[in-house]
Amino acid sequence: MRPMPGVSKPLTEGTPIVTRFARRATAIAAALVVAPLGLTLAVAAVASAAPVAVTTVQAAGATLSADLTAATKATPKKPKKKAKKKKKSTPAPTPAAPTDYSVLENQVVTLTNNYRTANGCGALRIDSRLVTAARAHSTDMVSKDFFSHTGSDGSNFVQREARAGYTTGASAENIAWGYRTPQDVVNAWINSSGHRANILNCSSVAVGVGVAYKADGTPYWTQDFGR
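Residues numbered from 1 in each chain as written. Predicted model: local features only at pLDDT ≥ 70, side-chain atom pairs only at ≥ 80, totals over all residues. Heavy atoms only, no water.

Once that is clear, we can look at the pairing of strand S5 (residues 206-213). Among the eight residues in S5, eight count as buried, and that is most of the element. Taking every second residue as pointing to the same face, both faces of S5 are buried, with Ala206, Gly208, Gly210 and Ala212 on one and Val207, Val209, Val211 and Tyr213 on the other. Pairing between strand S3 (residues 125-126) and S5: two bridges, direction parallel. Paired with Arg125 across the strands is Ala206, a residue of S5. One ladder, built from eight bridges, connects S5 with strand S6 (residues 219-226); its direction is antiparallel. The partner of Val207 across the bridge, within S6, is Phe225. (Buried < 20%, exposed > 50% of the residue type's maximum accessible area, 1.4 Å probe, protein only. Helix = DSSP H or I, 4+ residues; strand = E, 2+ residues; numbered from the N terminus. Pairing = 2+ DSSP bridges.)

Written as structure tokens, this is what we have:
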């Protein structure tokens, strides 16, 4: 077979073309080699001066020589923009429990007495023993995570009042949780028939209120009445 002008040796089937022409001839040779082998994307990349990552490209048994790679100028890569970090939302602060519980407890007594006197019953006196019993039960409900007139040890309010030293007779007990203010909890008791009956039991003469708070600021209330 007669050699083609500008080619180092006769062409045989399957032989890659390596030219010795200038850069234009190199691009033509590349098209002849690559296009028949289905590498049209690679050819387009070379023609548009896209970067070539390796010195030779191999596919389906064909090889582009280092001369073709050298004829292509690499396009510098643009630096990647750093993704902006999302700011973490700050959780709302947990409402702090008051430090002086007695102020709130005494407000409950005042509101209770206001309702009693408006409805024909005498005002209740605060008894420290009933306060002790009421605070102990509220603390028990908070620490053991329950809500009931029955204590974690199975006790009822009569037993708890006697345990605190009030031995003249227990008369009733009101409990509640979640009401943030004395006004809220007293209103809730007044609007409940059973709790309202305890408040308006005119035979009761003494009372003790105890409040305790969970870690999230939720209050638990106990109101113990005595004869």
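Additional details are given in the paragraphs that follow.
Before going further, it helps to spend a moment on unusual backbone geometry. The phi torsion of most residues other than glycine is negative, and most of the peptide bonds are trans. Even without glycine at this site, Asp145 takes up a positive phi of about 55°. Position of Asp145 among the secondary structure elements: in the loop between helix H5 (128-144) and helix H6 (157-163).

Another aspect to go through is H5. Under the 1.5 Å per step criterion, the end-to-end length of H5 is 24 Å for 17 residues, consistent within 8% with the ideal 24 Å. For H5, every residue scored as buried is listed here: Leu130, Val131, Ala133, Ala134, His137, Ser138, Asp140, Met141 and Val142. Of the residues flanking the start of H5, the one acting as N-cap is Asp127, its side-chain oxygen 2.8 Å from the backbone nitrogen of Arg129. Directly after H5, the chain includes Asp145, whose backbone phi takes a positive value near 55°. (Expected span 1.5 Å × (residues − 1). Polar contact = N/O pair within 3.5 Å; in protein donor to acceptor, adjacent residues only side chain to side chain.)

Within the structure shown, the criterion is met by one disulfide. Here Cys121 pairs with Cys202 through a disulfide, and the sulfurs are 1.9 Å apart. On the sign convention where negative means left-handed, the S-S torsion of about -70° between Cys121 and Cys202 marks this disulfide as left-handed. Of this pair, Cys121 sits in the loop between helix H4 (101-118) and S3 while Cys202 sits in the loop between helix H8 (193-199) and S5, and the two are 81 residues apart along the sequence. (Disulfide = S-S within 2.5 Å.)

Turning next to the nonpolar core. Formed by 17 residues in total, the largest nonpolar core has its most connected members in Val108, Val185, Trp189, Val207, Val209, Trp221 and Phe225. Of all the secondary structure elements, the ones that give two or more residues to this core are H4, strand S4 (170-177), helix H7 (182-190), S5 and S6. (Core = buried A, V, L, I, M, F, W, Y, C linked by side-chain atoms within 4.5 Å.)

Strand order across the open sheet formed by four strands is S3-S5-S6-S4, with mixed pairing between neighbours. The sheet is open, and its two borders are formed by S3 and S4, each paired with just one other strand. Its contacts with the sheet put H4 on S3, S5 and S6, and the angle it makes with S5 is roughly 135°. (Contact = heavy atoms within 4.5 Å. Axes fitted to C-alpha atoms, helices over the stretch in contact; angles between N-to-C directions.)

Overall, the predicted model of the chain reaches an average pLDDT of 74, with 56% of residues at or above 70. Scored below 50 in pLDDT, residues 1-75 shows 60 contacts in the model against residues more than four places distant or in partner chains. (pLDDT = per-residue confidence, 0-100.)

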